[in-house]
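As a plain string of letters, each chain reads:
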Amino acid sequence: RNGVPLAANRDAWDVVATPADLTDADGELTNESRALVTKLVRGLGGDPALYQRAIEARAKKNRLKFKPLSLLSDIDENSELFSALNERMNEFPGIRLVRTSKRVYPDQEYMTHVLGTVGKIQEEQVDEMEKRGYRPDAFVGQFGLERRYEEYLRGNDGSRKVEVDATGEATARGIISEKPAKPGLTLRTTLDLEVQKELANSLRWKVL
């Protein structure tokens, strides 16, 4: 009510794989791609077999094989990990770094029960959410105000079509088309953060 942000967005980076770029006509990872995924995912501290199965599962579904699959989310642009990945991405054709937006809650401990959270679309939600224009790996409101007002808060994804060669490098033609992203609306609540903090702290004191 006083203009204090309760939830906001910040920029981050994800490492994503495009199944169609890593698999053969039958939706199976090529030997080279399997080795690349293993090398990268192990370096990131993950389980290669888990992501290999996920990539192949998507590659065998026409509607999903060109949809990016996140291998690692929310990388800080100023971190050593980001610098290392950015320098070596050309070693991993079919896998790339993409800029994303992440939701942050400055006073999460006081407001989560009302605001709710956002999370990746669940398996049982995929079909319905795709019909509404969401990517399978999108984050959506899962409960609370985030879920109730999802259609207003989400905005619209931007897109860019780029012509690349067999190694994934942009050709001289470069960008073919581009559509800017559209931010979602701002939701102004009647909540007073300072009052909420006082109430929460009073209840904590009573419990103790």
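See the structure printed just above.
Residues numbered from 1 in each chain as written. Predicted model: local features only at pLDDT ≥ 70, side-chain atom pairs only at ≥ 80, totals over all residues. Heavy atoms only, no water.

A. Spatial organisation of the nonpolar core. Of all hydrophobic cores here, the largest spans 19 residues; its most connected members are Val15, Ile95 and Leu97. Every element with two or more residues in this core is listed here: strand S1 (8-17), helix H2 (31-43), strand S2 (69-75), helix H4 (80-88) and strand S3 (95-104). Broken down by element, this core gets its largest block of residues, four residues, from H2. With residues near it in sequence (within four places) discarded, Leu97 still touches Trp13, Asp14, Val15, Ile75, Phe82, Leu85, Asn86 and Met89. Counting residues in each nonpolar core, the second largest holds seven residues, with Leu6, Leu115, Leu193 and Ala200 among its members. (Core = buried A, V, L, I, M, F, W, Y, C linked by side-chain atoms within 4.5 Å. Buried < 20%, exposed > 50% of the residue type's maximum accessible area, 1.4 Å probe, protein only. Helix = DSSP H or I, 4+ residues; strand = E, 2+ residues; numbered from the N terminus. Contact = heavy atoms within 4.5 Å.)

B. Up close: the side chain of Thr100. Examined against the element boundaries, Thr100 turns out to sit in strand S3. The contacts of Thr100, once residues within four sequence positions are left out, are Arg10, Asp11, Ala12, Trp13 and Asp14.

C. Representation of the sheet that holds S1 within the structure. The strand order across the open sheet built from three strands is S2-S1-S3, with neighbouring strands paired in antiparallel fashion. The outermost strands of the open sheet, each flanked by one partner alone, are S2 and S3. Neighbour to neighbour, the strand axes of the sheet diverge by 35 degrees on average, direction disregarded. As judged from the 10 bridges shared by S1 and S3, these two strands associate in the antiparallel manner. Counterpart to Ala8 in the pairing with S3 is Val104. (Pairing = 2+ DSSP bridges. Axes fitted to C-alpha atoms, helices over the stretch in contact; angles between N-to-C directions.)

D. The arrangement of the pattern of salt bridges in detail. In total, this model carries 14 salt bridges according to the counting rule given. Residue Asp11 is joined to Arg99 by a salt bridge in which the shortest nitrogen-to-oxygen separation is 3.5 Å. Here Asp11, found in strand S1, pairs with Arg99, found in strand S3; they are 88 residues apart in sequence, far enough to count as distant. The exposed category is assigned to Asp11, whose relative accessible area is 53%. Take Arg99: its relative accessible area is 46%, and that puts it in the partly exposed class. (Salt bridge = Lys/Arg side-chain N within 4 Å of Asp/Glu carboxyl O.)

E. Layout of the layout of surface pockets. Its boundaries defined by the atoms lining it, the second largest pocket holds a volume of some 460 Å³. Considering the residues around the second largest pocket, the lining is formed by 22 residues, among which Ala54, Arg58, Leu69, Glu123 and Pro136 are closest to the centre. Where the lining of the second largest pocket is concerned, the elements lending two or more residues are helix H3 (48-59), S2 and helix H6 (126-131). A breakdown of the residues in the lining of the second largest pocket according to their chemical character gives 11 nonpolar, three polar and eight charged. (1 Å grid on protein atoms, 1.4 Å probe; cavity = no way out; pocket = protein on both sides within 12 Å on 5 of 7 lines; lining within 4 Å. Points joined across faces, edges and corners; volume = space filled by probe spheres on them. Nonpolar A, V, L, I, M, F, W, Y, C, P; charged D, E, K, R; others polar.)

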